[in-house]
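Notes for the structure review
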Amino acid sequence: MEARTQGALPDAEPLARDVQRRAVEDGAEVLALHTAESMVGARALYDRLGFQRVPDLDADLRNYLGSCGQGPVPALAYIRPLTPAGVDAASHVDEELAS
């Protein structure tokens, strides 16, 4: 458990790369995920893997986690285009959020 509090687990990067590889093999154009604000190691990993922050897609999970009244529980959104079409899709997300 201590490794989790100090950053991403040692096997996290190979696992994340394998997920990306499998997504490409399955024809996915984009990967999207949310992570906790406090997960600094995971956030650094996503940055290294080419994920981009999409703050407009952040979510507040307090209602889902049963912690109402204790303040927001932010989940930070990330997106990673996997194909040229995915790059286009990601840019359309940015455009739609800007309008």
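Not measured: the values here are computed from a predicted model.

1. Some points on the environment of Ala 77
Along the chain, Ala 77 turns up in strand 4 (residues 74-81). Beyond its immediate chain neighbours, meaning those up to four positions away, Ala 77 contacts Leu 33, His 34, Gln 52, Arg 53, Val 54, Leu 57 and Asp 58.

2. Quick notes on the confidence of the model for the chain
Parts of the model with low pLDDT should not have their predicted coordinates read in detail. Averaged over every residue, the pLDDT of the chain is 81; residues scoring 70 or more account for 81%. The spread of mean pLDDT over the elements of the chain runs between helix 1 (residues 2-5), the lowest at 43, and strand 2 (residues 52-53), the highest at 94. Throughout residues 1-6 the model reports pLDDT below 50, and contacts reaching past four residues in sequence, or to other chains, amount to three contacts.

3. A look at the side chain of Thr 35
On the secondary structure map, Thr 35 appears in strand 1 (residues 30-36). Judged by its relative accessible area of 6%, Thr 35 falls in the buried class. With residues up to four places along the chain from it excluded, the contact list for Thr 35 reads Ala 42, Arg 43, Tyr 46, Pro 74, Ala 75, Leu 76 and Tyr 78.

4. Things to note about helix 2 (residues 12-25)
What sets the pattern is the α-helix's 3.6 residues per turn: residues three or four places apart point alike. Given a rise of 1.5 Å per residue, 14 residues ought to cover 20 Å, and the 20 Å separating the end C-alpha atoms of helix 2 matches this to within 8%. Every buried residue of helix 2 is accounted for by Ala 16, Gln 20 and Ala 23. What you see down the axis of helix 2 is that its buried residues fit within an arc of 65 degrees, all on one side. In helix 2, the exposed positions angled more than 90 degrees off the buried face are occupied by Leu 15 and Glu 25. Of the surrounding secondary structure, the elements contacted by the buried residues of helix 2 are strand 1, helix 3 (40-48) and strand 4. In the segment just after helix 2, Gly 27 is the residue with positive phi, at about 90 degrees.

What counts as what
Residues numbered from 1 in each chain as written. Predicted model: local features only at pLDDT ≥ 70, side-chain atom pairs only at ≥ 80, totals over all residues. Heavy atoms only, no water. Helix = DSSP H or I, 4+ residues; strand = E, 2+ residues; numbered from the N terminus. Contact = heavy atoms within 4.5 Å. pLDDT = per-residue confidence, 0-100. Buried < 20%, exposed > 50% of the residue type's maximum accessible area, 1.4 Å probe, protein only. Expected span 1.5 Å × (residues − 1). Arc of directions from axis to C-beta.

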